[in-house]
Amino acid sequence: MSTATRTTKAPPAAEHRSPVRPGRQERLGRTEARWGLLLAAPAILGFLIFTIGPMIASAVFSLTDWRIGGPARFIGLGNYDRLAHDHLFWKSLNVTTYYTLGVVPLTLLVGFVIAILVNQGIRGRSLWRTIYYLPTLVPAVASSVLWIWIFNPDFGLLNSMLRQAGLPESSWIYGEKSAVPSLILMSVWGFGNAMVIFLAGLQGVPQQLYEAVAIDGGGTWARFRHVTLPFMTPVIFYNLVTGVIGTFQVFNQAYIMTQGGPNNATEFYIYYLYTKAFTDSEIGYASALAWVLFVIVLVITVLLFRNARRWVYYEMGAAR
């Protein structure tokens, strides 16, 4: 009886192997990616059309002498050279800087102090939080009209209180020297947004650290200095950056209350840009103003971020 010999078939060459079909998981991943791009497309298109597009257009317009209703004439850096010799440009920049240096520190201080107070276990805590936050809910126009009455030199609330106290009265927004301080006072009144953000940060401070300080014999000041303040530095930094950016774009007060007066004392940067664009119809020059403001805010923000490494503390590591 003979035994049959078995022959083994050699495996096919690697180049003749059929391609491996993608698995179910890979096909599912590709489908999710397509759906993700499809759903994100409206936001991406909106950003490109309504943000990037106008920015590119304004950069082009800033190189032209273009008035509404007329042809655009290319003048290169002529608008920027004109800015250097425009006294109202420098005036608006100084006024806006003065306003920023007054509003931002005071808002941070008042918001932080009030947040600490309403974070205590006092009766009616929710009511006090609501009362302090309410001014931020008032529309800008309504708030401006209210403060026009408050600042009225003849029958306004503030001068009435000063008369009752036997103190000298003020011209408020109607005086050249008192106009910007009056608007600073008005802006600090709306510290509610900063307060809420500070309050959220305070509630995230680990309570065991307060207990550790108390065990070591530390009092209220020690708890604030060694626990509260270091943990709140990221929140302070956030409010600082957003406050600077916001105050450099102040517009409503000048447009509704003072129209840049008296004697250009409240000629804020954005209000000056607005008048150049829509009153004088100088779109090219207004575009140059917009780009200068963009660069100024960008430089200030970068400097703030670089300086933050020295004093901002992050729980997951050292100050950055």
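The model shown is predicted, which means the values in this text are computed figures rather than measured ones.

Criteria and thresholds
Residues numbered from 1 in each chain as written. Predicted model: local features only at pLDDT ≥ 70, side-chain atom pairs only at ≥ 80, totals over all residues. Heavy atoms only, no water. Helix = DSSP H or I, 4+ residues; strand = E, 2+ residues; numbered from the N terminus. Rg over C-alpha atoms; globule rule 2.2 N^0.38 Å. Buried < 20%, exposed > 50% of the residue type's maximum accessible area, 1.4 Å probe, protein only. Contact = heavy atoms within 4.5 Å. Lys, Arg positive; Asp, Glu negative; His and termini not counted. Salt bridge = Lys/Arg side-chain N within 4 Å of Asp/Glu carboxyl O. Polar contact = N/O pair within 3.5 Å; in protein donor to acceptor, adjacent residues only side chain to side chain.

1. A word on the overall build of the chain
- When you go through the chain residue by residue, the secondary structure sums to 13 helices and two strands.
- Taken over the C-alpha trace, the chain has a radius of gyration of 30 Å; the compact-globule value for 320 residues is 20 Å, which it surpasses by more than 25%.
- Structurally, the chain occupies a C-alpha span of about 135 × 75 × 35 Å along its principal axes.
- Relative to its 320 residues, the chain shows a buried fraction of 34%.
- If you take every contact in the chain between residues at least 6 apart in sequence, the share linking residues at least 24 apart comes to 64%.

2. Section: helix α7 (residues 179–188)
- Here α7 lies mainly inside the structure; eight of its ten residues are buried.
- Where α7 is buried, its residues touch α3 (87–118), α5 (140–150) and α11 (252–258).

3. So, the environment of Arg 125
- Here Arg 125 shows up in helix α4 (residues 125–133).
- Overall, Arg 125 belongs to the partly exposed group, its relative accessible area being 32%.
- Those residues in contact with Arg 125 that lie beyond four places of it in its chain are Val 118, Asn 119 and Gln 120.

4. Remarks on the side chain of Glu 267
- Secondary-structure assignment places Glu 267 in the loop between α11 and α12 (269–279).
- For the buried Glu 267, no salt bridge exists, and the shortest N-O distance to an oppositely charged side chain is 8.4 Å, to Lys 276.
- At a separation of 3.2 Å, a polar atom in the side chain of Glu 267 contacts the side chain of Asn 264.

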